[in-house]
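Take a look at the letters that make up each chain.
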Amino acid sequence: MALVNLSTRGSVAVVTIDNPPVNALSAGVPEEIQAAIEAAEKDPSVQAVVLIGAGRTFIAGADIKDLERAAAGESGAGPDLHSLLQRIEDCSKTVVMAMHGTALGGGMEVAMAGHFRVARPDAQFGMPEVNLGIIPGAEGTQRLPRLIGPAAAIDMCVSGRPIKADAALMLGLIDKIIEGDLLEGAIQFAVELAPERGPIRKTRERSEKLVADSKVFEAGRETARKTRRNTFAALDAVDAIEAAVTLPFDQGCRRERELVRKRLESDECRALIHAFFAERAAAKVADVPKDTPVLPIAKAAILGAGTMGSGIAMACANSGIAVRLKDVEQWALDRAMASIRKNYESSVQKGRFTAEVAAQRIAAIHPQTGYEGFEDADLIIEAAFENMELKKRLFWELDAVAKAVCVLATNTSTLDIDEIASVTKRPERVIGLHFFSPANVMRLVEIVRGAKTGKEILGTALALAKRLGKVGVVVGNCRGFAGNRMMLPYMREAQFIAEEGSTPSEVDGALWDFGMAMGIFAVDDMGGIDVGHRVREEYGHLLQPWPSAVEKLYEMGRLGQKTGKGWYKYEDGRTPIRDPEVEAMIAQTAQAAGVSRRSIPKNEIVDRCIYTLVNEAARILEEGYADRAADIDVIYVTGYGFPAYRGGPMWYADSAGLKKVYDRVSEFHRRYGERWEPAPLLKRLAESGGTFAGFDASKTIDQQP
Ligand code: NAD
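Residues numbered from 1 in each chain as written. Predicted model: local features only at pLDDT ≥ 70, side-chain atom pairs only at ≥ 80, totals over all residues. Heavy atoms only, no water.

Turning our eyes to something else, we now look at the overall build of the chain. Check the secondary structure of the chain and you find 29 helices and 19 strands. Taken along its principal axes, the extent of the C-alpha atoms in the chain is 85 × 60 × 55 Å. For the chain, buried positions account for 55% of its 705 residues. If you sum the accessible surface of the chain, you get close to 29,900 Å²; carbon and sulfur atoms cover 53% of it. Computed over 87 positive and 96 negative side-chain charges, the separation of the two mean positions in the chain equals 1 Å. (Helix = DSSP H or I, 4+ residues; strand = E, 2+ residues; numbered from the N terminus. Buried < 20%, exposed > 50% of the residue type's maximum accessible area, 1.4 Å probe, protein only. Areas by Shrake-Rupley, 256 points an atom, 1.4 Å probe, with all protein chains shown as cover. Lys, Arg positive; Asp, Glu negative; His and termini not counted. Charge placed at Lys NZ, Arg CZ, Asp CG, Glu CD.)

Here is the structure:
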């Protein structure tokens, strides 16, 4: 079947790209567009050409598989768009790009080579390359500033954020918004309005907007450094846009190509492409094939209207799922509804959606203290206190009220799903749905598979995560699942480092510089020192010894952000400020424990924190609680603030080389003893020259490649 179709409507040739699902520029598409343009140009009855996408969007972008191959060093991977763009631009007949859906990256670059662009009011336009560690590579950095000026071009390429049609019209990226039928409007534009605008103008020959003083570029670089810490793609995009202003078009394109090559060879680009594909791969679970029946979810019920219950209720309401939100306390329900309302009001103020939409979503959440309506729910999510006895009682009650096909989920962060399921007569319908706080914002959901959880329930959970706009990652039922199981020893190691001589802010500073969204002490203060205390009470025996400062903190009533004091002090409730009182307390506990203190270099802080994560993750992988290393990467990038441009902890370790990681872990093992015992899998892979990415969890170690 043709990827591109050519037809005529009167004197207008219509070139339709038909490469589902998103009309990506994969092999064959550029060639067929070019052939269609050439055929239209030769046809004497044709006056103008309209290029449009079939289905739900214009060209959504390049094929990222091609990009992955190029980043892996494969030469000739992906189509060279240069000749296509020139051919479109040099066409002697007016070429109008008719755009709907999302035109991103390569799609925008093709569109910008047209003589005019018209779009539907709900179309979006963006240059998201920076999110994959690259810059627009098909002359986008040269044409975009010619259309919208360097400052706006920098904004689009550095932020990677798409803009809407009205903004695009104002900037000059598009020439007209078409209300009603896009193709009809575009044809009319091509034959009636375009000729009125004078002779055809090639974007590459335009220069009226190419004015900027150096301050524009300096400001762009400043934003890039601030918003894209430790990475270079955004900075290179600014360089390329600057070249558009200072060099002729062809030389600017050459500069762009040089920068693209440099980008493709970077660790940043490879890691981001890995993170991109890892997220998609997470949805594929070997024993839950695509054709697994999935239960429809129209009505949900939530138990517990605290932090998590209210966030999950909003996540459901945002996706059109009606929610019954139950708590035992009326005041808890009132508080939840007030915070839900406030949240939606603030979204309306920010222009994310209209007041009517907000009202609909609020109306979809029904607060109640009883079980009424639970019998109709397709899905029930328990989000009450983290207490096994309570959860067992609640599941026993749910078993009595829920309909037979209902999915019974718990949002527990650490408890045993099988024990919870055991009180029901239907353990095969019980699953963990571990959302992260704030649950209406955070993208990760760990989907915890119990020993008896049915495939239909797993498939339904994966589909639900997708519907909620989240990334569902299936993990096994071990203590803390994957994410929190790794976080506990990481938190403990950070506290050992503090005991040994670094201040919490030095540790957090090193982690921040490494790229973590937050330092681990600040995370502890946000989660609550009391929450950590309860977890340690329950599982602390598994993680002995544990430095004593944190318990001292708990005794002092410094429970973190909620009390304005924890590892740090908080004057505005959320910005951590160093507190000499805590630093002195840590020094005293260290002295009492007989620990000699020293200044710990930054690289040691990072190695000890990150390799603790890696070592624990290796155990999780070997024990089969994660299906593949990439799943752990997705969990840490989407749920724990690990920098995507380092790919995730497993990718980071693979990139460093497992031999090097193992040697360092062994060094810490010799120095600190048992808590640093290398995970057997790390040792074996280091010795055999393997990688976590190459480890196949479904095979025994002797069957590994
Ligand atoms: P929370 O204390 O904010 O809310 C718990 C709510 O449950 C309270 O409103 C309480 O009144 C209600 N509740 C207690 N017993 C109940 C019952 N019998 N029936 C109905 N409601 C009842 O707690 P949270 O932070 O929302 O945590 C809830 C669950 O989610 C816990 O299992 C926790 O481990 C897990 N979790 C929390 C986070 C987090 O960051 N807070 C993240 C992931 C998972």
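Moving on, there is more to tell.
Okay, the site of the ligand next. Taken together, 23 residues are adjacent to the ligand, and M308, D327, E386, K391 and S413 come closest. At 2.6 Å from an oxygen atom of the ligand is found a side-chain nitrogen or oxygen belonging to D327. Contact distances for the ligand include 3.3 Å between an oxygen atom and a backbone N or O atom of A384. Coverage of the ligand by the protein amounts to 81% of the 830 Å² it exposes when considered alone. Put simply, the parts of the chain that give the shell around the ligand at least two residues each are α13 (307-318), α16 (388-401) and β15 (430-435). It is α16 that provides the largest number of residues to the shell around the ligand, a total of three residues. Tallied by class, residues from the shell around the ligand come to 10 nonpolar, eight polar and five charged. (Near = heavy atom within 4 Å. Polar contact = N/O pair within 3.5 Å; in protein donor to acceptor, adjacent residues only side chain to side chain. Nonpolar A, V, L, I, M, F, W, Y, C, P; charged D, E, K, R; others polar.)

Spanning 15 residues, helix α8 (residues 182-196) covers 20 Å between terminal C-alpha atoms, matching the ideal 21 Å at 1.5 Å per step. Along α8, the positions that sit buried rather than exposed are L182, G185, A186, I187, F189, A190 and A194. Residues of α8 that are buried sit in contact with β1 (4-9), β2 (12-17), β3 (48-53), β4 (94-99), β6 (116-119) and β9 (176-177). Capping the start of α8, D181 holds a side-chain oxygen 3.2 Å from the backbone nitrogen of L183, two or three residues further along. G198 sits one or two residues past α8 and shows a positive phi near 95°. (Expected span 1.5 Å × (residues − 1). Contact = heavy atoms within 4.5 Å.)

This paragraph deals with the sheet that holds β15. The eight strands lie next to each other as β12-β11-β10-β13-β14-β15-β16-β17, forming an open sheet whose pairing is mixed. The open sheet terminates on both sides in strands that have one partner only, identified here as β12 (365-368) and β17 (471-476). Within this sheet the neighbouring strands show an average axis-to-axis angle of 25°, counted without direction. Note: strand β10 (residues 299-303) against strand β11 (residues 322-326), five bridges, orientation parallel. Bridging from a neighbouring strand, A300 pairs with V323 of β11. Lying on the sheet, α13 is in contact with β10, β11, β12, β13 (379-382) and β15; it crosses β11 at an angle near 170°. (Pairing = 2+ DSSP bridges. Axes fitted to C-alpha atoms, helices over the stretch in contact; angles between N-to-C directions.)

Counting residues in each nonpolar core, the largest one holds 95 residues, and the members touching the most others are I380, W567, I610, L621, L682 and F692. With 11 residues, helix α25 (residues 602-622) is the largest single contributor of residues to this core. Here F692 is in contact with V614, A618, L621, A629, M650, A653, D654, L658, L681, L682 and L685, once residues within four sequence places are set aside. If you look at the next biggest cluster of nonpolar residues, it comprises 71 residues, including A70, L81, A152 and M156. (Core = buried A, V, L, I, M, F, W, Y, C linked by side-chain atoms within 4.5 Å.)

This part covers the pattern of salt bridges. If the charged atoms of two oppositely charged side chains come close together, the side chains can form a pair. All told, the structure shown has 57 salt bridges when counted by the stated rule. E218 is paired through a salt bridge with R225; the nearest N and O atoms lie 3.9 Å apart. Notably, a salt bridge pairs R608 with E604, separated by 2.9 Å at the nearest N-O pair. Of the two residues, R608 and E604 are both situated in helix α25; the distance of four residues between them amounts to about one turn of the helix. R608 sits in the buried class, given a relative accessible area of 0%. The buried category is assigned to E604, whose relative accessible area is 5%. If you follow the salt bridges from partner to partner, you end up with E493, E500, R598, E604, D607, R608, R664, E667, R671 and R675 in one network. (Salt bridge = Lys/Arg side-chain N within 4 Å of Asp/Glu carboxyl O.)

To continue, consider the packing of aromatic side chains. Counting across every chain of the model gives 10 aromatic pairs. Here F436 and Y640 contribute two aromatic rings whose centre-to-centre distance is 5.3 Å and whose plane-to-plane angle is 75°, an arrangement assigned as edge-to-face. Linking F436 in the loop between β15 and β16 (444-449) with Y640 in the loop between α26 (629-639) and α27 (649-656), this pair joins segments that are 204 residues apart in sequence. Classification of F436 as buried rests on a relative accessible area of 8%. In this structure Y640 comes out as buried when scored by relative accessible area, which is 14%. Ring pairing ties together the aromatic residues F436, Y636 and Y640, which thus form one cluster. Positioned above the aromatic ring of F353, the side-chain terminus of R361 is 4.4 Å from the ring centre. The cationic tip of R675 hangs over the ring face of F496; the distance from NZ or CZ to the ring centre is 3.6 Å. (Phe/Tyr/Trp six-rings, centres within 6.5 Å; stacked < 30°, edge-to-face > 60°. Lys NZ or Arg CZ within 6 Å of the ring centre and 35° of its normal.)

Domain annotation for the chain reports domain 1 (4-265), domain 2 (299-477) and domain 3 (487-688). Between the C-alpha centres of domain 1 and domain 2 the distance comes to 42 Å. (Domains from an automatic or database assignment.)

What follows deals with the sheet that holds β9. Hydrogen bonds along the backbone pair up the strands of a sheet, which may run parallel or antiparallel. Pairing is mixed across the open sheet formed by six strands, whose spatial order is β1-β2-β3-β4-β6-β9. Each of the sheet's edge strands pairs with one partner strand only, and the pair in question is β1 and β9. Across six bridges, β1 lies against β2 in antiparallel orientation. When the sheet's bridge partners are listed, N5 is paired in β2 with T16. Set on the sheet, helix α4 (residues 106-113) makes contact with β4 and β6; between it and β4 the angle comes to about 145°.

Together, R56, K284, K290 and K466 give the surface a local cluster of positive charge. Relative to the helices and strands, K284 resides in the loop between α12 (267-282) and β10. (Patch = residues over 30% accessible without salt bridge, like charges linked within 9 Å, V, L, I, M, F, W, Y side chains within 5 Å.)

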